[in-house]
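# Observations on the three-dimensional arrangement
Here are the chains, one letter per residue:
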Amino acid sequence: QVQLVESGGGPVQAGGSLRLSCAASVRTFSLYAMGWFRQAPGKEREFVAATSWRVSTPYYADSVKGRFTISRDNAKNTVYLQMNSLKPEDTAVYYCAADARDDSFWLSEGMDYWGKGTLVTVSS
């Protein structure tokens, strides 16, 4: 019943920008906390950014703060991740995730639904 579909990934040179999109089928989308996570091969999945009604401003990992911006359009059931000043270490599969309870959006294990991911490859 809940589907998340990411798009917008691809190859990009260091210093470039990409905008990822996540389209959700959830009819109560506006109530969900939405987040982005990423995982590089051989590494653990890590938190990137999230938007939640429990905090007044978006929540970001220190590694992307100032470079990435998360936003959402509830009318379109879509969440975005604008990525600027990309670095090779940003290379990973990026996953969109939803926390229906909006209680643990900063944790991978706290998210209830996941997309299949979109690959971002940043070359130096």
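Residues numbered from 1 in each chain as written. Predicted model: local features only at pLDDT ≥ 70, side-chain atom pairs only at ≥ 80, totals over all residues. Heavy atoms only, no water.

The next subject is a nonpolar patch on the surface. Judged by side-chain polarity, Val 55, Tyr 59, Trp 106 and Leu 107 come together as a nonpolar surface patch covering roughly 330 Å² of accessible area. In this structure, Trp 106 sits in the loop between β9 (92-99) and β10 (113-114). (Patch = residues over 30% accessible without salt bridge, like charges linked within 9 Å, V, L, I, M, F, W, Y side chains within 5 Å. Areas by Shrake-Rupley, 256 points an atom, 1.4 Å probe, with all protein chains shown as cover. Salt bridge = Lys/Arg side-chain N within 4 Å of Asp/Glu carboxyl O. Helix = DSSP H or I, 4+ residues; strand = E, 2+ residues; numbered from the N terminus.)

With that settled, consider the state of the cysteines. Per the counting criterion, the structure on display carries one disulfide. At a sulfur-sulfur separation of 2.0 Å, the disulfide partner of Cys 22 is Cys 96. Because the sign of the S-S torsion sets the handedness, a value of about -80 degrees for the bond joining Cys 22 and Cys 96 places this disulfide among the left-handed ones. Of this pair, Cys 22 sits in strand β3 (residues 18-24) while Cys 96 sits in strand β9, placing them 74 residues apart in sequence. When its relative accessible area of 0% is taken as the criterion, Cys 22 is described as buried. (Disulfide = S-S within 2.5 Å. Buried < 20%, exposed > 50% of the residue type's maximum accessible area, 1.4 Å probe, protein only.)

Let us now look at the pattern of salt bridges. According to the stated counting rule, one finds five salt bridges in the structure shown. Residue Asp 90 pairs with Arg 67 through a salt bridge whose shortest N-O separation is 2.8 Å. Here Arg 67 lies in the loop between β6 (59-60) and β7 (68-73) and Asp 90 lies in the loop between β8 (78-83) and β9, a separation of 23 residues in the sequence. Taken as a pair, Asp 90 and Arg 67 share a single burial class, namely buried. Note that Asp 112 and Arg 101 form a salt bridge whose closest N and O atoms lie 3.0 Å from each other. Placement of the pair is Asp 112 in the loop between β9 and β10 and Arg 101 in the loop between β9 and β10, with a sequence separation of 11 residues. The structure contains a network of salt bridges with shared partners spanning Arg 38, Glu 46, Arg 67 and Asp 90.

Pairing within the open sheet is antiparallel, and its four strands lie in the order β1-β3-β8-β7. On the outer flanks of this sheet lie β1 (4-7) and β7, each paired with one strand and no other. Strand after strand, the sheet turns through a mean of 15 degrees between neighbouring axes, direction not considered. Judged from the six bridges that link them, β3 and β8 form a sheet pairing that is antiparallel. Within the sheet, the bridge partner assigned to Arg 19 lies in β8 and is Gln 82. (Pairing = 2+ DSSP bridges. Axes fitted to C-alpha atoms, helices over the stretch in contact; angles between N-to-C directions.)

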